[in-house]
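The primary structure of each chain is shown beneath.
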Amino acid sequence: MCGIAGLICKNGFDSSVINSFVKTIQHRGPDDHGFYKVENAFILNTRLSIIDIESGHQPFISDDENIVLVQNGEIYNYIELKQELIDLGYAFKSSSDTEVLLVAYQAYGANFVNKLNGMFAIAIIDKIKNKLSLYRDRLGVKPLYIYQKDDTVLFSSEIKTFTKYPGFDNTINDQAIHNFLVYNYVPIPQTIFKYVSHIQPGYFYEIDLGNYSIAKTQYWKLENSKEDLVCSDEEYLKDIDELLLDATKIRLRSDVPVGAFLSGGLDSSLICAYMHKITGKPFNTYTIGFKEKEFDESEYAKYITNKYGLNYHEKILEADIVELWAKTTWYNDQPHGDISFIPTFIVSEFAAKDHKLVLTGDGGDELFAGYTKYLSLEKYDVSSKAFFDSISLFREGGFINSLYTSEFKEKINLEGAFNLFSNVISKSSNKDNINQALYFDTVQLLPGNNLVKPDKMAMANSLETRSPFLDYRFFEMMMRVPGNMKLKNNDTKYILKKLALNHFSEDHVYRKKQMFTVPVGEWFKTKLSSYLIETLSDERFVSRKIFNQDLIIQMVNEHISGEKNYTRELRAIVNLEIWFRQFID
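Attention in this report is confined to the structure presented alongside it. The residue count restarts for each chain, going from 1 along the sequence in the order it is written. Residues qualify for local features only when their pLDDT is at least 70, as the model is predicted, and side-chain atom pairs are given and counted only at 80 or more; totals for whole chains, interfaces and linings, by contrast, use all residues. Computation of side-chain values: all heavy atoms of the structure, hydrogens and water removed.

## Some details on the sheet that holds strand 3 (residues 41-47)
With antiparallel pairing, 6 strands are arranged side by side in an open sheet as 2-3-1-9-8-10. Edge strands, defined here as strands with exactly one partner in the open sheet, are strand 2 (32-38) and strand 10 (196-198). With strand direction ignored, the average angle separating the axes of adjacent strands in the sheet is 15°. One requirement defines pairing of two strands: DSSP has to find at least two bridges between them. Secondary structure follows DSSP: runs of H or I at least 4 residues long count as helices, runs of E at least 2 residues long count as strands, and numbering of each begins at the N terminus. Pairing of strand 1 (residues 2-9) with strand 9 (residues 152-156) involves 5 bridges; the strand directions are antiparallel. Note that in strand 9 the partner of Ala5 across the bridge is Ser156. On the sheet, helix 1 (residues 16-24) packs against strand 1, strand 2, strand 3 and strand 9 and is oriented at approximately 30° with respect to strand 3. Under this scheme, a helix contributes an axis fitted over its contacting stretch, all axes are lines through C-alpha atoms, and angles between N-to-C directions fall in the 0 to 180 degree range. Any two residues whose heavy atoms approach within 4.5 Å at even a single point are treated as in contact.

## A look at the environment of Lys142
Mapped onto the elements of the fold, Lys142 is located in the loop between strand 7 (131-136) and strand 8 (145-149). Burial classification: accessible surface area is computed with a 1.4 Å probe over protein chains only, and a residue below 20% of its type maximum counts as buried, one above 50% as exposed, and the rest as partly exposed. For Lys142, a relative accessible area of 2% gives the class buried. The spacing of Lys142 and Lys385 is 243 residues in sequence and 31 Å in space, taken between C-alpha atoms.

## With respect to the pairing of strand 6 (residues 118-126)
Across the 9 residues of strand 6, 9 count as buried, placing the element largely inside the fold. Neither face of strand 6 is exposed, since Gly118, Phe120, Ile122, Ile124 and Asp126 on one face and Met119, Ala121, Ala123 and Ile125 on the opposite face are all buried. Pairing geometry for strand 5 (residues 67-75) and strand 6, over 9 bridges, is antiparallel. The residue of strand 6 that forms the bridge with Asn72 is Ala121. Here strand 6 folds back onto strand 7, and the loop between the two strands holds 4 residues, one of which, Asn130, carries a positive phi near 55°.

## Quick notes on the pattern of salt bridges
The salt bridge criterion pairs a side-chain nitrogen of Lys or Arg with a carboxyl oxygen of Asp or Glu, the two atoms within 4 Å. In the structure shown here, the tally under the stated rule is 33 salt bridges. For Arg253, the salt bridge identified is with Glu80, shortest N-O distance 2.7 Å. Taken together, the residues Arg253 in the loop between helix 5 (233-251) and strand 13 (258-261) and Glu80 in helix 2 (residues 78-87) connect sequence positions 173 residues apart. For Arg253, a relative accessible area of 22% puts it in the partly exposed group. Close ionic contact of Asp441 with Lys373 constitutes a salt bridge, the shortest N to O distance being 3.0 Å. Of the two residues, Asp441 sits in helix 15 (residues 433-450) while Lys373 sits in the loop between helix 10 (364-368) and helix 11 (385-391), which places them 68 residues apart along the sequence. Overlapping salt bridges bring together Arg28, Lys142, Glu158, Lys160, Asp333, Asp455 and Lys456 as one network.

## Topic: the nonpolar core
Counting residues in hydrophobic clusters, the biggest one holds 181 residues, and the most contacted among them are Phe474, Phe547 and Ile573. Ranked by the residues each element gives to this core, the list is headed by helix 24 (residues 567-583), at 9 residues. Only buried residues count toward a nonpolar core, which is a set of Ala, Val, Leu, Ile, Met, Phe, Trp, Tyr and Cys residues joined through side-chain atoms within 4.5 Å. Within the second largest apolar cluster, 22 residues are counted, among which are Ile4, Ile8, Ile199 and Leu209.

## A closer look at the pairing of strand 3
Burial analysis of strand 3 places 7 of its 7 residues in the buried class, the great majority of the element. Burial of strand 3 is two-sided: the residues Ala41, Ile43, Asn45 and Arg47 facing one way and the residues Phe42, Leu44 and Thr46 facing the other way are all buried. Relative to strand 3, strand 1 runs antiparallel, the two being bridged by 7 bridges. Bridge assignment links Ala5 to a residue of strand 3, and that residue is Leu44. Examined bridge by bridge, strand 2 and strand 3 share 7 bridges and lie antiparallel to one another. Opposite Tyr36, over in strand 3, you have Ile43 as the bridge partner. From the end of strand 2 to the start of strand 3, which pair antiparallel, there are 2 residues.

## Digging into unusual backbone geometry
Between Gln58 and Pro59 the backbone carries a cis peptide bond, its omega angle lying at 5°. Mapping Pro59 onto the fold places it in the loop between strand 3 and strand 4 (60-61). Residue Pro189 is reached from Ile188 by a cis peptide bond, and omega for that bond is 5°. Residue Asn490 is not a glycine yet carries a positive backbone phi of 65°. Examined against the element boundaries, Asn490 turns out to sit in the loop between helix 17 (472-478) and helix 18 (494-500). You will see that Lys545, though not glycine, has its phi angle at about 60°, which is positive. Among the secondary structure elements, Lys545 is positioned in the loop between helix 22 (539-543) and helix 23 (549-561).

Bear in mind that shape data such as this cannot, by itself, settle questions of function.
Written out as structure tokens, the structure is:
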């Protein structure tokens, strides 16, 4: 696990930029760093040593010095791929998975990426082709951003790197602000900066070092085909069990000890069960508890650790979160209305005292329809505006139109968020209602928000996270499974819960789902009421000219009084203001 960054510039660059870039992502890789430069470009890496600690220094350079490669992530099938390359006659100097990438590129060219099972962001300078290529993993587990303006291209694992480039244009993308307030995150491929976007998951970009043109190739996508994997429950359970076992096993490949995040929910509980099944040994688990019982799942986490004899570690989250809210926003690079970034940061900091690597249960909800929002599909067609409104933070065409200033409304498309949704949903038109919703969350919610959280919050603490549920083979398989095997008779995760009954009590499996979040809505009424009022009354906030200030104050007063519940809306607006203060002011 690492960070990568680089630059291509027609007018060259000052070498001091390299060091500036390194500093912005050093938390991602505090153990080592390295770079390689040519006349008008450079690539760099900051390294968190997990595999081949002694010989894994990056960049890796081919013997003829024509190929130079850096990566962020892990290649889980590197052992099998390495053997395949050895059988073809290639030799290796280290045990690093990064060297396997270098040799695979030499053997297979740009399509080497199809051989990989992993989470990765990769940069390659190919002197023969005179190109710099950028690869991102299929689901977007590892972040990779690109800045493009005129004859300058920057890339990095984190957006904040670009702010250290002397010519960086930080013009705000106003449409992204609107989309954020509808989605609760900035949907990809855009970002809140006009000239910054995501390298899209499942793509590689080839940048010509001569004319600075960029060719984009999609190497992987979920097929828009009808569900054809129609089996009995027993057959599904067998397939899921085998794949989850293998996905967990290859994610345990490491030269450092492995721990686990354990919320007490179904997904993290299953990962711990499979880790124990494979290793047969106790390992450390890390749990966040809350004094507010309606948010606390620690008793369920203890059930799992007691059952398997694991080492339980718990930290109680207090209400003093304001400083952390600003800190996590800095690491996030963009505004996020999801405040569970804060407990994720805290549990990462907690685990990082003992580990460099933990396994998590991320991805299970998007695979098996775990969110209660999917229940509204009983009433609405997935492509309808009614369904979109039911899952939106602010509803387009509703209150949000009054909330904006007339000046801001002139800069945006007030139907832009739904248009984006419709475009994505149309690419899954042959699937059933439930799988279309899961398709959208796979290609938008995961890389836009839910994968940002474990990556950015863990890497802020120099901790690597791996999730077996994020194995791309799972998504290929489950998209072929009918939606009624995931959401059945108002029961979310139907088939996964059946599997879980082989491991846990019925009470543990079928208890009501709790969201991993922070009770900030209650704190806004009490301990954080002054903070809320001061933040949204501050002259800096008013000067943005985004919101109708009278309506903002009305929302704040009605929430504090208990007349209305604006928890989700207010925390998104507050976080947007925090972001402006971190990155613009």
